[in-house]
2 protein chains.
Amino acid sequence: MGCKSWGSRTLVFWCFVFSLIHVSLGSKARHFKWEVEYIYRSQDCLEHVVMGINGQFPGPTIRAKAGDTVVVELTNKLHTEGVVIHWHGIRQIGTPWADGTASISQCAINPGETFQYRFTVDRPGTYIYHGHYGMQRSAGLYGSLIVDVADEEKEPFHYDGEFNLLFSDWWHQSVHEQEVGLSSNPFRWIGEPQTLLINGRGQFNCSLAAKFSNASVSQCKFRGNEQCAPQILHVRRNKTYRLRIASITALASLNLAIEGHKMVVVEADGNYVQPFAVDDLDIYSGESYSVLLRTDQLSSNNYWISVGVRGREPKTPQALTILNYFPTSASKLPTSQPPVTPPWNDYNHSKAFTKSIFALMGSPQPPRTHHRRIILLNTQNRINGSIKWSINNVSLVLPPTPYLGSIKYGLNNAFDQKSPPDNIDNSYDIMKPPVNPNSTYGNGIYTINLNTTIDVILQNANALAKDVSEIHPWHLHGHNFWVLGYGEGKFREEDEKKFNLKNPPLRNTAVIFPYGWTALRFVADNPGVWAFHCHIEPHLHMGMGVVFAEGVQHVGEIPRAALACGLTANKQNLD
Amino acid sequence: MGCKSWGSRTLVFWCFVFSLIHVSLGSKARHFKWEVEYIYRSQDCLEHVVMGINGQFPGPTIRAKAGDTVVVELTNKLHTEGVVIHWHGIRQIGTPWADGTASISQCAINPGETFQYRFTVDRPGTYIYHGHYGMQRSAGLYGSLIVDVADEEKEPFHYDGEFNLLFSDWWHQSVHEQEVGLSSNPFRWIGEPQTLLINGRGQFNCSLAAKFSNASVSQCKFRGNEQCAPQILHVRRNKTYRLRIASITALASLNLAIEGHKMVVVEADGNYVQPFAVDDLDIYSGESYSVLLRTDQLSSNNYWISVGVRGREPKTPQALTILNYFPTSASKLPTSQPPVTPPWNDYNHSKAFTKSIFALMGSPQPPRTHHRRIILLNTQNRINGSIKWSINNVSLVLPPTPYLGSIKYGLNNAFDQKSPPDNIDNSYDIMKPPVNPNSTYGNGIYTINLNTTIDVILQNANALAKDVSEIHPWHLHGHNFWVLGYGEGKFREEDEKKFNLKNPPLRNTAVIFPYGWTALRFVADNPGVWAFHCHIEPHLHMGMGVVFAEGVQHVGEIPRAALACGLTANKQNLD
């Protein structure tokens, strides 16, 4: 890595000079050359085609220090598909074209082409990267991005070692087929995942805990290097380990429990939180946590690490791996059954966890007031017989020309110049299926004044079926937001009085619970165009998102390669 | 259709004016609006995802008259894949950017975008259109393009009615998975097709002729509208029918026989041929024929139309449909077993048919001499452990920037400026596996002087395995060529004396037989960049093709949309 890949002598010279400058600042550029292509992988003991990076699934873990510049030269080795990669949780300050959202921040990288992602990782934390085009994330295009504190800085907690746990879910039906079903009339839902994966490994046709199971599933037997063999966490007694936990599931809300061990939550989405201890931890797609684990149990045993489904009736077995205490053999199975996931619909359990998260003392506090409030009603709808998700009755369909370029160059015909509404019909009954389920497609955006404070109220509602309201984890690009509060039923103006302005957690992802609302606040201080969407992959595919544009006139020169499609590919439009 | 889709009043006015002009010339513009997307289809009685056009598979048949302008507004409704459509057999005189070859004539159309194909169909005949990006043709992106004679013209034969028969082959493994296997190390071959289709219909899990079969396959029972029910040809006795036959198979060489009926071949690839009668007809991927069928059998019976595999050991059942004589019920099965395909490796049978094809008297004759001879050795090779096909030891890998734009704008860094060789090591022993199987990837092209006469000798050879040499149907874009002759073994200079310069057939596709050579001649009179390749889809994917550039400086203004990728997307490069 380093500067090796640079070509000419002149560049080598400047690279050397910049390195000196970087060293003097304690930060540096970290170069990666990646090739995206489909590979065979037996991630759940059955062979599938997955989207890999440099032959790996999940993709290689990026490790950098706060202040570093990450440079990824991404070459698309797919045959007919474009590709982009989103750096989930990285705010892309000054580099909105590197956010990796097709149709929003850049043109998809064509087969055979290389795009350079170059961005600063300004804050330490546990992050993710993943595809953000079609449903390529579901195809396996994801990995971990971990930012350590800068050399001169310290974490506000101590640990002796760390592990990285990336959770995902896997379907046996290909993503291409899933997409067809989701767009079909009649609609075909993708169903529950076949397998949950921990670091890209799970067991579909066997179980690590077969002997504790009533189901007739066989005990897994691994000879050694199977791609579905669990990554075992090797620990020593009486140490403190940091587990970096992130979920990049397409659908599943998850719960993690480690047999006999408590976890102390210390980080959420790259933000330090007031430490609190839990027996199990809920995690939604797009979220990350760090927890501290004290190895205070008997070292003569091993212990289950168990991940199960929440929020939807689970039809997928728990994912399992093992916490292995030295000097016990790693192959010794724990002696009791794995921790049981809390009942999938025990929302009080979920809410209790979520409401336990507060910013660490000394964290940035939210502005006391907002300039604009946008209420986003989440509804399930029908358009021409297909099932869609809509926000304020608009189901998002992204345009072929990315917003960042079309807005910067004033191409008013690139998308609907009419903004979607900031609010909804006040009479809408969120407790019932929509009276009129029809919605409309749209690609209009919310234009936000730079440096204003925006409140977003995510308002959940009943879906198309009676007595159904689902959990949706909403993820904001380009920013962190403060989570000011959660409430039941319909948001009312007076609910504002209950907002937590003292120590609300900063996040980039927050859920709405069934029939509830979630209040977020952020400062629009990052010129660019930013997606804000449900992080459930098929829900986004079904239109569940909005787009915020802020201060695009202040965006620097967009790399030409990010504009090479749609109306911005036409040179006359940029002259 | 017509001019309906044009927007403004001004356009409507001009459309009207142009219509008048066209009417006065007897030709007109035929407008089509197409959307490409994946659809569910049970084309072989099992449900699959196929690439459809306007919800149809195969795509809609285009029907036009010689001299007409065909205008197809193609919208890509795929989620992450680009798309193009090649109009196979249409020479694209003056419109090389409409040839529909990704990386050669145009940039792939991005998801959500629309590209206008506008071209003249100058000669009557039976043509095909199909995807020409990755292996999208294998995914089902194809259909028929039929050009009738102009109003003032007559065909040189009479018929009372006509039928269109488009043959294809189908795999149950998705094209995306096929591509992964073909690019993998170790290499995984796609195997033989599961089903042969006639007009997009075949039977995988039943047979129309089960009662004549020794295999334990059940008799098909159709209730009516099944997508896999055969299209039956309804005829009356003592009439002459024109069957327009085309093969768009990914792999299979085919043989057609109609029980109890002879066929008189009258057209090949849009060129009239000296009529000759056959009991069965060999057809290779990319070829088309018209045959005349005289319904001279008993009208109290129906008769099998049978299509089987040639040239590879067949593992795919014959495709069947029925010739139904009025007034016999269409549901009455023929009384004997379907015609048996000639033995797959009876190459003499194949050669006898192929060598029976001569141009109709009065057809254009070839120039007597050539300006340049290019000998193209077809070899199977290994590159980094993968199996590839190479031409003169170069395995074609197309560049991200299409040649047409990069050559016209002088972008010398878009591809290897060194041409591949016009000939090969004279000592190469075509009868044996390659001594050194290693080959190289390349994207260099053959630059051909405008209006020169080019001879191409396609030279077959032994593949990697001993005693294996396969049939390859080679297809040339932008031209017809004269097939001057076929020979056994290695081409020698003295073989030229045996060339047929009197009445060689004009074709756009010609085969090389195992261990043989085929001599072609064409006049490079069509400015553009033209693919010339094996029409077997996985073989092209494995590098079996070359590219000819001729007179690109004479190409008119390339539509900007065809340039919106790679180096031609960079406006500086076009200034």
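Along each chain, the written sequence defines residue order, and numbers are assigned to residues from 1. In the order they appear in the text, chains get letters beginning with A and ligands get numbers beginning with 1. Whole-chain, interface and lining totals are the exception, using all residues; otherwise, since this is a predicted model, local features are given only for residues with pLDDT of at least 70 and side-chain atom pairs are given and counted only at 80 or more. Only hydrogens and water are removed before side-chain values are computed, so all heavy atoms of the structure are retained for them.

Visitor: An account of the overall build of chain A is requested, with residue identities and associated values reported.
Guide: By definition, any uninterrupted DSSP run of H or I lasting at least four residues is a helix, any uninterrupted run of E lasting at least two residues is a strand, and each is numbered from the N terminus. Scanning chain A from N- to C-terminus turns up six helices and 32 strands. For chain A, the C-alpha radius of gyration of 23 Å lies close to 25 Å, the compact-globule estimate for 575 residues. To sort residues, take the accessible area from a 1.4 Å probe on protein chains only and compare it with the maximum for the residue type: under 20% means buried, over 50% means exposed, and anything in between is partly exposed. Evaluated residue by residue, chain A yields a buried proportion of 62% over its 575 residues. Accessible surface for chain A amounts to roughly 21,800 Å². Of this, 52% is attributable to carbon and sulfur atoms. In this tally Asp and Glu are treated as negative and Lys and Arg as positive; neither His nor the chain ends contributes. Each charge is placed at NZ for Lys, CZ for Arg, CG for Asp and CD for Glu. Each charge sign in chain A was given a centre, from 50 positive and 49 negative side chains, and these centres are 3 Å apart. Note on method: radius of gyration uses C-alpha positions; expected globular size equals 2.2 Å times residues raised to 0.38. All accessibility values rest on the Shrake-Rupley procedure with a 1.4 Å probe; residue burial counts only the protein chains present in the view.

Visitor: Describe the interface of chain A and chain B, naming the residues involved and giving the relevant values.
Guide: A contact between two residues is defined here by any heavy atoms of the two lying within 4.5 Å. Counting from both sides, the interface comprises 35 residues of chain A and, opposite them, 35 residues of chain B. By convention in these notes, a salt bridge is any Lys or Arg side-chain nitrogen within 4 Å of a carboxyl oxygen on Asp or Glu. Put simply, chain A and chain B have two salt bridges between them. One salt bridge in this structure joins Arg188 of chain A and Glu47 of chain B, with 2.7 Å as the shortest N-O distance. In protein, a polar contact requires one atom able to donate a hydrogen and another able to accept it; more generally it is a pair of N or O atoms within 3.5 Å, and residues adjacent in sequence count only if both atoms are side-chain atoms. At the boundary of chain A with chain B, the tally comes to 15 residue pairs in polar contact (both at pLDDT 80 or more). Listed by contribution, the elements that provide at least two residues to the side of chain A that touches chain B are β1 (29-41), α2 (175-183) and α6 (571-574) of chain A. We call Asp, Glu, Lys and Arg charged. Ala, Val, Leu, Ile, Met, Phe, Trp, Tyr, Cys and Pro are nonpolar, and the rest, Gly among them, are polar. Looking at side-chain class alone, the side of chain A that touches chain B contains twelve nonpolar, 14 polar and nine charged residues.

Visitor: Describe the domain arrangement of chain A, and please don't skip the residues or the numbers.
Guide: Interfaces are often sized by the accessible area lost when the parts come together. All names here are of chain A. With domains assigned, chain A is organised as domain 1 (9-38 + 51-148), domain 2 (161-354) and domain 3 (372-574). Each of domain 1 and domain 3 has a C-alpha centre, and the two are 25 Å apart. Taken residue by residue, the interface counts 26 residues in domain 1 and 38 residues in domain 3. Contact between domain 1 and domain 3 buries roughly 2,400 Å² in total, counting both sides, with carbon and sulfur atoms accounting for 62%. Values labelled buried area give the accessible surface lost by two parts on being combined, using a 1.4 Å probe and summing over both. The largest share of the area that domain 1 buries against domain 3 comes from Trp97, Ile104 and Cys107, three residues that together contribute 28% of it. Where each domain begins and ends is defined by an automated method or by a domain database.

Visitor: Break down the pairing of strand β12 (residues 240-247) of chain B for me, with residues and values.
Guide: All names here are of chain B. Of all eight residues that make up β12, eight are buried, and the element is covered over most of its length. Residues of β12 alternate between two faces, with Thr240, Arg242, Arg244 and Ala246 on one and Tyr241, Leu243, Ile245 and Ser247 on the opposite face, all of them buried. Sheet topology note: the strand β9 (residues 161-170)/β12 ladder contains seven bridges and is parallel. Across the sheet, the residue bridging to Asn164 is Arg244, located in β12. Two strands pair if DSSP finds at least two bridges between them. As judged from the seven bridges shared by β12 and strand β17 (residues 288-294), these two strands associate in the antiparallel manner. Paired with Ile245 across the strands is Tyr289, a residue of β17.

Visitor: For the relation of the copies chain A and chain B, give the residues involved together with the corresponding values.
Guide: Our superposition of the copies is a least-squares fit, built on the C-alpha atoms of residues whose pLDDT is at least 70 in both. Structural alignment of chain A on chain B gives an RMSD of 0.0 Å, achieved by rotating through 180 degrees and translating 0.0 Å along the axis. The transformation just described matches what one would write down for a two-fold rotation axis. When C-alpha distances to the rotation axis are compared across chain A, the minimum falls at Glu81 of chain A, with a value of 2.1 Å. When the interface residues of chain A are mapped onto chain B, 100% of them are again interface residues, pointing to one common binding face.

Visitor: Any chance you could break down the sheet that holds strand β1 (residues 29-41) of chain B for me, citing the residues and the numbers?
Guide: Residues and elements named next belong to chain B. Across the sheet, which stays open at both edges, the four strands sit in the order β2-β1-β4-β6 with mixed pairing between neighbours. Each having just a single partner strand, β2 (48-53) and β6 (114-120) make up the two edges of the open sheet. Averaged over all pairs of adjacent strands, the angle between strand axes in this sheet comes to 20 degrees, irrespective of strand direction. Bridging between β1 and strand β4 (residues 69-76) involves eight bridges; their strand directions are parallel. In the strand pairing of β4, Lys33 is matched with Glu73. The angle between two axes is taken between their N-to-C directions and runs from 0 to 180 degrees, where each axis is a line fitted to C-alpha atoms and a helix contributes only its stretch in contact.

Visitor: Help me get a handle on the sheet that holds strand β15 (residues 271-278) of chain B, residues and values and all.
Guide: All names here are of chain B. Pairing is mixed in the open sheet, where six strands are placed in the order β10-β9-β12-β17-β14-β15. In this open sheet, the two strands that pair with only one neighbour each are β10 (195-198) and β15. The sheet shows a mean angle of 25 degrees between the axes of neighbouring strands, direction not considered. Here strand β14 (residues 263-268) pairs with β17 via five bridges, running antiparallel. Considered in β17, the bridge of Val265 is made with Val291.

Visitor: Any chance you could break down the environment of His130 of chain A for me, citing the residues and the numbers?
Guide: All names here are of chain A. By secondary structure assignment, the location of His130 is in strand β7 (residues 125-131). As a C-alpha pair, His130 and Ile407 span 277 residues in sequence and 25 Å in three-dimensional space. Those residues within four positions of His130 in sequence are excluded, and the remaining contacts are Val84, Ile85, His86, His88, Arg137, Leu141, Tyr142, Ile248 and His535. Only 3.4 Å separates the side chain of His130 from the side chain of His535, close enough to count as a polar contact.

Visitor: Hey, could you go over the UniProt feature "domain: Plastocyanin-like" (unreviewed entry) in chain A for me, with residue numbers and the actual values?
Guide: Residue and element names in this part refer to chain A. UniProt positions are given in the numbering used here, feature names are shortened, and annotations may be inferred rather than shown by experiment. Here, UniProt's "domain: Plastocyanin-like" (unreviewed entry) annotation points to residues 36-148, 163-325 and 436-552. From the first C-alpha to the last, residues 36-148 spans 26 Å; its make-up is 0% helix and 43% strand. Span residues 436-552 is 4% helix and 45% strand, its end C-alpha atoms 36 Å apart.

Visitor: An account of the state of the cysteines is needed here, citing residue identities and associated values.
Guide: The disulfide definition used here is simple: a pair of cysteine sulfur atoms within 2.5 Å. Scanning the model with the defined rule gives six disulfides over all chains in all. Residue Cys45 of chain A pairs covalently with Cys228 of chain A via a disulfide, S to S 2.0 Å. Because the sign of the S-S torsion sets the handedness, a value of about 95 degrees for the bond joining Cys45 of chain A and Cys228 of chain A places this disulfide among the right-handed ones. Placement of Cys45 of chain A in the loop between β1 and β2 (48-53) and of Cys228 of chain A in the loop between β10 (195-198) and β11 (233-235) is noted, with a sequence separation of 183 residues between them. Taking the relative accessible area as the measure of exposure, Cys228 of chain A reaches 3% and is therefore buried. Note that Cys107 of chain B is cross-linked by a disulfide to Cys565 of chain B, the S-S spacing being 2.0 Å. Measuring the twist about the S-S bond at about -80 degrees, one finds the Cys107 of chain B-Cys565 of chain B disulfide to be left-handed.

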